[in-house]
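Topology and contacts: notes
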Amino acid sequence: MNHKFPDRFLWGTAASGPQLEGAGSVGGKAMTVWDYWFLLEPEKFYQKIGPEVTSNFYDQYKEDILLMKDAGFNSFRTSISWARLLPDGKTINEEAVFFYRDVFTSLRENGIEPIVNLYHFDMPYRLYFKGGWENPEVVEEFKEYAQVSFDCFGDLVSRWVTFNEPIVPIEMGYLNDKHLPAVHNMTRAMQAGYYTLLAHVKAVSAFRQSKQQGEIGIILNLTPSYPKSDRDEDKKAANWADVLFNRSFLDPVVLGHYPAEIKELIQNENIDIQYTEKELDLIKNNTVDFLGVNYYQPRRVQASRNEQVDSEKILEKYFQPYEWPKAKMNPHRGWEIYEKGLYDIAINIRDNYFNIPWYVAENGMGVEGEEKFMNESGEVQDNYRIEFMEDHLTWLHKGISEGSNCFGYHVWTFLDNWSWLNEYKNRYGLFRLELETQERVKKKSAYWFKQLAKTNQLPT
Ligand code: BG6
């Protein structure tokens, strides 16, 4: 079968400001919550490598953009650092404006479209101390920051994104201890989630009111939920996982309202959320132009066996994870590889979300110890990564050929990068980064990707 993709398909790479730039304390950037956390508890970070240790995109962006061009990318989705652009929340940092304008201009000059995201987990430290997403003042500050970004870069950007994976800081920070504030509290989680959504819609509304050119969307990490069996209890559990981890953002951003089950949960558990009818109207009237989807793994779910759980673990009443014996695992990251999940997402968007234009904003394979796959000339022979992309793209192609409106695929990522709590443990790049020398070395997958982008089809 011919696996040709639509004309003008975006063959891109994804990354984020905080994971690439470095220059944490130069160029006028203020501290983020990650800089702060590393100072406080460096042992929480793999091999105690903090957010300063990057591939120095801040200084080397021109060379890196040439690498992207060399691998055939025609799109790059990345993010602006809030703490760099508005270090004190009010004064625009002209060095940051110069930097980002030059990045976006250089990308365009090299035939690469910038897709620009405003928030990738990097809460400015001063706002974290105001309560972060639990404080409505932070929502207002985000709206101001979004407006400044549109004003400074609107002539160079035609696709804007408000948030990357907004559920992740909620899940990891309020139901887990992997992001700050590292607490287990369902009420705080739901309030912070609600205000994150509100920040998103206020930015969308500001974008529309100031008549910016181009389009605005959001990036969600969708994890299709599959029940252990056809039993009603398991199906119900899978529905709860879907509602909480996918539809809690997907429905309001595309359909303009929350799923009914969210209201049910709030009532069942007596969760007290601050909201107004006016805000719900704002949500209704500011749906997105397009959707970005990060896809790495599905969620396997079974009915809960505990009715009695303590208040910190309310979700365990609704569903529990299930280890599918047939799962193909990425042994390095511990995530299941289930390529068909991408097809299921494509069909879900087609059938239940107005067939809204969408693109794969991240998909990729993190592998530990890639040096053992190097050939004599030092090139990583990452056949496993090529296979990973090819298999996902085969299912994506099927979704597109059945009518799903997908306009691009972005691999995470072009160059091995720093990542939150995993740092450089799992490498994702199509280029290897030698941390000590900062050398960039092409992997086999970069050659493969170039051919894919050039021909706009999977190899036969
Ligand atoms: C995505 C995030 O969910 O996963 C990225 O948007 C992150 O920021 C990527 O780097 C890979 O995560 P990890 O933990 O395997 O390095």
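See the structure shown above.
These lines cover the structure that appears in this document, whether it is placed above or below. (Residues numbered from 1 in each chain as written. Predicted model: local features only at pLDDT ≥ 70, side-chain atom pairs only at ≥ 80, totals over all residues.)

Considering helix α13 (residues 340-352)
So the rule is basically this: Secondary structure counts use DSSP, requiring at least four H or I residues in a row for a helix and at least two E residues in a row for a strand, with both numbered from the N terminus. An expected span of 1.5 Å times one less than the residue number is assigned to each helix. The burial label depends on the number of other C-beta atoms within 10 Å of a residue's C-beta. Counts of 20 or more mean buried, 12 or fewer mean exposed, and intermediate counts mean partly exposed, with C-beta atoms placed from the backbone. Any pair of residues counts as being in contact when their C-beta atoms, constructed from backbone geometry, are within 7 Å of one another.
Taking 1.5 Å per residue as the helical rise, α13 with its 13 residues ought to reach 18 Å, and the 18 Å between its terminal C-alpha atoms agrees with that figure. If you check which residues of α13 are buried, you get Gly-341, Leu-342, Tyr-343, Ile-345, Ala-346 and Ile-349. Lining the buried residues of α13 we find β7 (290-294), β12 (358-362), α14 (383-401) and β13 (406-411). Phe-354 sits one or two residues past α13 and shows a positive phi near 55 degrees.

Some details on the packing of helix α9 (residues 186-209) against helix α12 (residues 277-285)
Rules: A fitted line through C-alpha atoms serves as each axis, taken over the contacting stretch for helices, and the angle formed by two N-to-C directions is quoted from 0 to 180°. Small angles under 35 degrees read as roughly parallel and large ones over 145 as roughly antiparallel, with 65 to 115 read as roughly perpendicular and the rest as oblique. A crossing counts as left-handed when the near helix is turned anticlockwise from the far one by less than a right angle, and as right-handed when that turn is clockwise.
Packing of α9 against α12 brings their axes to within 9 Å, and their N-to-C directions diverge by 60 degrees. Comparing the axis directions of α9 and α12 gives the class oblique. Regarding α9 and α12, the two cross each other, and that crossing is left-handed. Two secondary-structure elements touch here, α9 through Leu-197, Leu-198, Val-201 and Ser-205 and α12 through Glu-279, Leu-282 and Ile-283.

What to know about the nonpolar core
Just so we agree on the cut-off: A set of buried Ala, Val, Leu, Ile, Met, Phe, Trp, Tyr and Cys residues, joined to one another through C-beta atoms within 7 Å, is what we call a nonpolar core.
Counting residues in hydrophobic clusters, the biggest one holds 130 residues, and the most contacted among them are Leu-291, Val-293 and Leu-396. Once residues lying within four places of it in the same chain are set aside, the contact partners of Leu-396 are Leu-342, Tyr-343, Ala-346, Val-360, Cys-406 and Tyr-409.

Structural notes on the sheet that holds strand β9 (residues 320-321)
Our working rule: One requirement defines pairing of two strands: DSSP has to find at least two bridges between them.
Strand order in the open sheet formed by three strands is β6-β8-β9, with mixed pairing between adjacent strands. Strands with a single pairing partner mark the edges of an open sheet, and in this sheet they are β6 (225-227) and β9. Examined bridge by bridge, β6 and strand β8 (residues 299-302) share three bridges and lie parallel to one another. Within β8, the position partnered with Ser-225 by the bridge is Arg-299. With respect to the sheet, helix α10 (residues 232-255) is in contact with β6 and β8, its orientation differing from that of β6 by roughly 170 degrees.

Considerations on helix α2 (residues 33-40)
For α2, the set of buried residues is Val-33, Trp-34, Asp-35, Trp-37 and Phe-38. Taken together, the buried residues of α2 touch α1 (17-20) and α6 (125-128).

Examining the environment of Phe-150
Mapping Phe-150 onto the fold places it in helix α7 (residues 136-153). A count of 23 C-beta atoms within 10 Å places Phe-150 in the buried class. Along the primary structure Phe-150 and Ala-206 are separated by 56 residues, whereas in three dimensions their C-alpha atoms are 9.1 Å apart. What Phe-150 contacts, discounting residues up to four positions off in sequence, is Phe-207, Ser-210 and Gln-212.

Re the sheet that holds β12
With respect to topology, eight strands assemble into a closed barrel ordered β1-β2-β3-β4-β5-β7-β12-β13, the strand pairing being parallel. Neighbour-to-neighbour, the strand axes of the sheet open up by a mean angle of 30 degrees, direction not taken into account. Direction of pairing for strand β5 (residues 215-221) relative to β7: parallel, over a ladder of five bridges. By the bridge assignment for β7, Gly-217 is matched with Phe-290.

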